[in-house]
Amino acid sequence: MSITVLGVDPRSRSKQKLAAPAPLPHVSRRALARVRDRIAPPTACHCCDGRDVYLQSNATIYGREYGDWPFVYRCAHCGAYVGLHPDTDLPLGVMASKETIKARKDAKFLFQRLTKERFANNRTAAYAWLAKALGIAPSICHFGMFGHDQADRAADVCRAQLGSRA
Ligand SMILES: [Zn+2]
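First things first, this report covers the structure right here in the doc. Quick caveat: nothing in here was measured; it's all calculated off a predicted structure.

1. Concerning the side chain of Q56
Alright, step 1. With respect to the helices and strands, the residue Q56 is situated in strand β1 (residues 53-57).
Alright, step 2. Polar contacts involving the side chain of Q56 include one to the side chain of T60, which spans 3.3 Å.
Alright, step 3. The contact partners of Q56, leaving out residues within four places of it in the chain, are P23, P70, F71, V72 and R74.

Put into structure tokens, the structure is as follows:
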């Protein structure tokens, strides 16, 4: 299924306090403004296309609430899920299976090491390098948007770049 990457959420410029969908305690305009490459909150599952996608506590995934903004969009049919940008109702990326999310996490760990060791912690430069290495547009070069294969490829290019130290 094709995912559309949008610009900054227009609600970030709202004059009024924003309504927050349950169970979120609030949605912050300032936090919305920080999300440059936005994916709309999913109404259908990005994996199976099912309509049973619910915004809920991430305790349904981890057994207890995890992190400062412990929420996910989760598909009741196939179990795919995605976390949220803090203080917003916006998904961090594309809903995915547990295995894909693990592959993304492993790749991101290597990427963060690379960012530190080769790019002096300049994330913008490191992401620009990664987009080029993967041959994709910078707007979709986010770990939360990677499929399993793409996450594995990202891990491979980062490992190669780190050389024998990885
Ligand atoms: Zn699904």
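2. Brief notes about the environment of A126
Alright, step 1. Tracing the chain through its elements places A126 in helix α4 (residues 123-134).
Alright, step 2. The sequence separation of A126 and L114 amounts to twelve residues, and the corresponding C-alpha distance is 7.9 Å.
Alright, step 3. In this structure, A126 is in contact with F111, T115 and F119, ignoring residues within four places of it in sequence.

3. Thoughts on the coordination of the zinc ion
Alright, step 1. Protein coordination at the zinc ion: the donors are C45 (SG), C48 (SG), C75 (SG) and C78 (SG), at 2.3 to 2.4 Å from the metal.
Alright, step 2. Geometry at the zinc ion is tetrahedral, judged from the four donor atoms that bind it and their angles of 101 to 117° at the metal.
Alright, step 3. Between the donor residues of the zinc ion, the gaps in sequence give the motif C-x2-C-x26-C-x2-C.
Alright, step 4. Classification of C75 as buried rests on a relative accessible area of 0%.
Alright, step 5. On the accessibility criterion, C78 (40% relative accessible area) is partly exposed.

Scoring rules and cut-offs
- Residues numbered from 1 in each chain as written.
- Predicted model: local features only at pLDDT ≥ 70, side-chain atom pairs only at ≥ 80, totals over all residues.
- Heavy atoms only, no water.
- Helix = DSSP H or I, 4+ residues; strand = E, 2+ residues; numbered from the N terminus.
- Polar contact = N/O pair within 3.5 Å; in protein donor to acceptor, adjacent residues only side chain to side chain.
- Contact = heavy atoms within 4.5 Å.
- Donors = N, O, S within 2.8 Å, 3.2 Å for Na, K, Ca; no water.
- Tetrahedral: all angles 85-135°; square planar, octahedral: opposite > 155°, others 65-115°.
- Buried < 20%, exposed > 50% of the residue type's maximum accessible area, 1.4 Å probe, protein only.

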